[in-house]
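Observations on chain architecture
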Amino acid sequence: EGINDSVNGLGGGVGVESRENQVAGLGGRPRRGDGLGIAHLAELKSLTTLNLAVCSKITDAGVAHLSVLTSLTSLNMDRCSRITDAGVMHVSALTSLTTLNLTECSEITDAGIAQLDPTTSLTTLYITRCSKITDEGVSHLPWSTICVR
């Protein structure tokens, strides 16, 4: 079973596009499934960019599998509506991450954003339409981090 077969149950993906295992794009039209196919992405150790936009089946348990992708610099979880503060905790392990898109992840709160370690490489954080995240919630982030609301 290949990675493309495994990720079809993520609720949004159209397959993995890869340039030497550095870029994976799964965002796209909704699909059925339980979201557990994300575990197979952990095999792509040199992955630098991951687009999970509109993968509505991905949960915090699925995001936990991403914490081993230490080369990841860009993660797009736009409209992954099942992600909560617990998912952000797993993302905080990605110390090379420079760009994180959490647009419309409506279950993430100030407590989740507080878990993003200020010593990471994060420079851009997209939190548009995240109604549970306030200005106070992002106030602990370094000045070098741009928050797009």
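An account of the accompanying structure is given in this report. (Residues numbered from 1 in each chain as written. Predicted model: local features only at pLDDT ≥ 70, side-chain atom pairs only at ≥ 80, totals over all residues. Heavy atoms only, no water.)

Quick word on the overall build of the protein
In terms of helices and strands, the protein carries five helices and six strands. Along the protein, helices (α) and strands (β) appear in the sequence α-β-β-α-β-α-β-α-β-α-β when read from the amino end. Burial status across the protein gives 44% buried among its 149 residues. For the protein, the proportion of contacts with a sequence separation of at least 24, taken over those separated by at least 6, is 60%. Looking at the protein as shown, the accessible area adds up to about 7000 Å², and 50% of this sits on carbon and sulfur atoms. (Helix = DSSP H or I, 4+ residues; strand = E, 2+ residues; numbered from the N terminus. Buried < 20%, exposed > 50% of the residue type's maximum accessible area, 1.4 Å probe, protein only. Contact = heavy atoms within 4.5 Å. Areas by Shrake-Rupley, 256 points an atom, 1.4 Å probe, with all protein chains shown as cover.)

Side note on the side chain of Thr-128
Position of Thr-128 relative to the elements: it lies in the loop between β5 (124–126) and α5 (135–138). Apart from the residues within four sequence positions on either side, Thr-128 is in contact with Thr-103, Glu-104, Val-148 and Arg-149.

Brief notes about the environment of Arg-149
In this fold, Arg-149 is placed in the segment after β6 (146–148). Taking C-alpha positions, Arg-149 is 7.0 Å from Arg-129, a pair spaced 20 residues apart along the chain. For Arg-149, the residues in contact, after removing those within four places along its chain, are Ile-127, Thr-128, Cys-130, Ile-133, Thr-134 and Asp-135.

Comments concerning the side chain of Asp-60
Residue placement: Asp-60 occurs in helix α2 (residues 60–64). Here Asp-60 is buried and forms no salt bridge, its nearest opposite-charge partner Arg-82 lying at an N-O distance of 9.9 Å. (Lys, Arg positive; Asp, Glu negative; His and termini not counted. Salt bridge = Lys/Arg side-chain N within 4 Å of Asp/Glu carboxyl O.)

Some points on the pattern of salt bridges
Under the defined criterion, the tally for this structure stands at three salt bridges. The partner of Glu-104 in a salt bridge is Arg-129, with the nearest N and O atoms 2.9 Å apart. Of this pair, Glu-104 sits in the loop between β4 (99–101) and α4 (110–113) while Arg-129 sits in the loop between β5 and α5, and the two are 25 residues apart along the sequence. We classify Glu-104 as partly exposed; its relative accessible area is 29%. The salt bridge involving Lys-132 is made with Glu-107; its shortest N-O contact spans 3.2 Å.

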